[in-house]
Amino acid sequence: MFSYDTLKKILFKFEPETAHHIAEFGLKALGNCRIAKAYMEKKNYISNTKLTQDVFGVKFENPVGLAAGFDKNATMIKAMKSLGFGFTEIGTMTPRPQDGNPKPRMFRYPEQKSVQNAMGFNNLGAHTVLKNLKKVYPFSIPIGANIGKNKTTPEEYALSDYKTLINKFKDSCDYLVINISSPNTPNLRDLQNEKFITELFVMAKELTSKPILLKIAPDMEAQVAIDLCKCAVNAGADGIIATNTTIDYNLVPNCQNFGGLSGACLTQKSGNLFKELARELFGKTILISVGGISNGAQAYERIKNGATLVQAYSGLIFEGPSMVRKINEEILELLQNDGFENIKDAIGANLKEK
């Protein structure tokens with residue numbers, strides 16, 4: 001059998017961004033090949049009533065989704081169910097096409113099972129991405145649209161970029177995500193302040209009834225993050241996604257001094273901040289946890305700490321296409337061990353015990 005370990009050895013001989021393009025080519029081909037797609041779905045996709053939830057009025061058959069950043073241009077959606085994902089998030093998209101930052105801008109750290117990226121919202125722009133998205137939406141699994149401002153848009157005009165994007169994508173996705181937490185667009189994280197977040201979500205809720213979530217960075221103090229998230233929820237946010245990549249370069253020896261780190265190095269940092277957020281926000285909004293999740297135990301811990309859904313991306317690079325199936329199988333086993341009939345009973349279980 002041709003194992004992922006063998007494929008990984010080949011892919012890892014290529015520069016990371018080139019390897020990503022190879023993977024994109026393969027997944028686009030998979031998505032367009034009915035027989036291969038059906039075979040992979042049967043092998044990897046877990047549909048079990050114990051994992052099924054209704055979130056935002058949308059059916060999620062399993063709780064593991066693909067995080068934003070992998071499918072920036074909505075070209076791989078048709079293959080996501082074949083990889084086992086219960087939902088997928090495209091983007092980050094900007095109003096105008098954007099090349100992103102100078103190369104090289106993506107780095108692998110195999111020993112730490114971690115990745116560093118300084119991509120800078122490289123994407124084909126809202127118009128082209130929307131055309132790609134409309135070819136598949138509505139899809140058999142929920143699709144989220146992750147949106148961000150253009151690098152050249154001054155901070156004082158950032159609201160206008162988000163308004164444009166919400167109007168563009170609101171009718172062609174199941175939920176929207178406001179990204180102001182990427183470290184790779186200059187001054188973007190400066191928008192993580194209560195004034196801008198309030199203005200943004202008040203405006204957003206006037207534009208659409210579609211669920212809109214805020215994605216936050218892992219690098220702020222817990223209380224600051226809690227206050228910002230409370231502010232977003234009070235202004236109309238339907239949920240919080242925690243967290244984006246980190247600029248804590250102490251987590252990986254000899255890493256670059258720019259871009260955001262993700263993967264196993266982020267597991268503890270992201271998990272700790274999520275735990276703090278959930279103590280304050282669980283039951284008040286939908287919480288989605290992302291950051292260093294690559295196995296069922298990690299996903300289940302986030303669920304018990306208050307996550308309705310979880311997301312993964314970097315783990316896929318190191319674990320391969322069977323990762324999501326294994327996560328869902330492990331979650332089912334852990335639910336049974338804890339005596340829970342349904343995932344809904346496990347969500348926030350660690351908080352309910354106190």
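What comes next concerns the included structure. In this text the structure is predicted, and so the values were computed from the model without any measurement.

Parameters at a glance
Residues numbered from 1 in each chain as written. Predicted model: local features only at pLDDT ≥ 70, side-chain atom pairs only at ≥ 80, totals over all residues. Heavy atoms only, no water. Core = buried A, V, L, I, M, F, W, Y, C linked by side-chain atoms within 4.5 Å. Buried < 20%, exposed > 50% of the residue type's maximum accessible area, 1.4 Å probe, protein only. Helix = DSSP H or I, 4+ residues; strand = E, 2+ residues; numbered from the N terminus. Contact = heavy atoms within 4.5 Å. Polar contact = N/O pair within 3.5 Å; in protein donor to acceptor, adjacent residues only side chain to side chain. Phe/Tyr/Trp six-rings, centres within 6.5 Å; stacked < 30°, edge-to-face > 60°. Lys NZ or Arg CZ within 6 Å of the ring centre and 35° of its normal.

1. Remarks on the nonpolar core
Okay, step 1: One finds Tyr162, Phe169 and Ile178 to be the most contacted residues of the largest nonpolar core, which totals 100 residues.
Okay, step 2: Ranked by the residues each element gives to this core, the list is headed by helix α8 (residues 222–234), at 7 residues.
Okay, step 3: In this structure Ile178 touches Ile147, Tyr162, Ile166, Leu200, Phe201, Ile212, Leu213, Leu214 and Lys215, once residues within four positions along its chain are discounted.
Okay, step 4: Listed in part, the 6 residues of the second largest apolar core include Phe107, Tyr109, Cys255 and Leu261.

2. Structural notes on the side chain of Asn150
Okay, step 1: With respect to the helices and strands, the residue Asn150 is situated in the loop between β7 (143–147) and α6 (158–169).
Okay, step 2: Among the residues examined, Asn150 registers a relative accessible area of 1% and is labelled buried.
Okay, step 3: Polar side-chain contacts of Asn150 include one of 3.3 Å to the side chain of Thr94.
Okay, step 4: Among the polar contacts listed, one links the side chain of Asn150 to the backbone nitrogen of Arg96, at a separation of 2.9 Å.
Okay, step 5: Ignoring any residue separated from it by four or fewer positions in sequence, one finds Asn150 in contact with Thr94, Pro95, Arg96, Pro97, Gln98 and Asp161.

3. Overview of the packing of aromatic side chains
Okay, step 1: Within the structure shown, the criterion is met by 7 aromatic pairs.
Okay, step 2: Arranged with centres 5.2 Å apart and planes meeting at 75°, the rings of Phe60 and Phe87 form a pair that is edge-to-face. Taken as a pair, Phe60 in strand β2 (residues 58–60) and Phe87 in strand β4 (residues 87–93) lie far apart in primary sequence, 27 residues in all.
Okay, step 3: Under the relative-accessibility criterion, Phe60 is labelled buried at 1%.
Okay, step 4: On the basis of an interplanar angle of 65° and a centroid distance of 6.3 Å, the ring pair of Tyr162 and Phe196 is categorised as edge-to-face. With Tyr162 in helix α6 and Phe196 in helix α7 (residues 194–207), the pair connects residues that are 34 residues apart, well separated along the chain. For the pair shown, Tyr162 and Phe196 are each scored as buried.
Okay, step 5: Its end group placed over the ring of Tyr45, Lys81 keeps NZ or CZ at 4.8 Å from the ring centre.
Okay, step 6: Geometry around Phe12 places Arg108 over its ring, the cationic atom sitting 4.4 Å from the centre.

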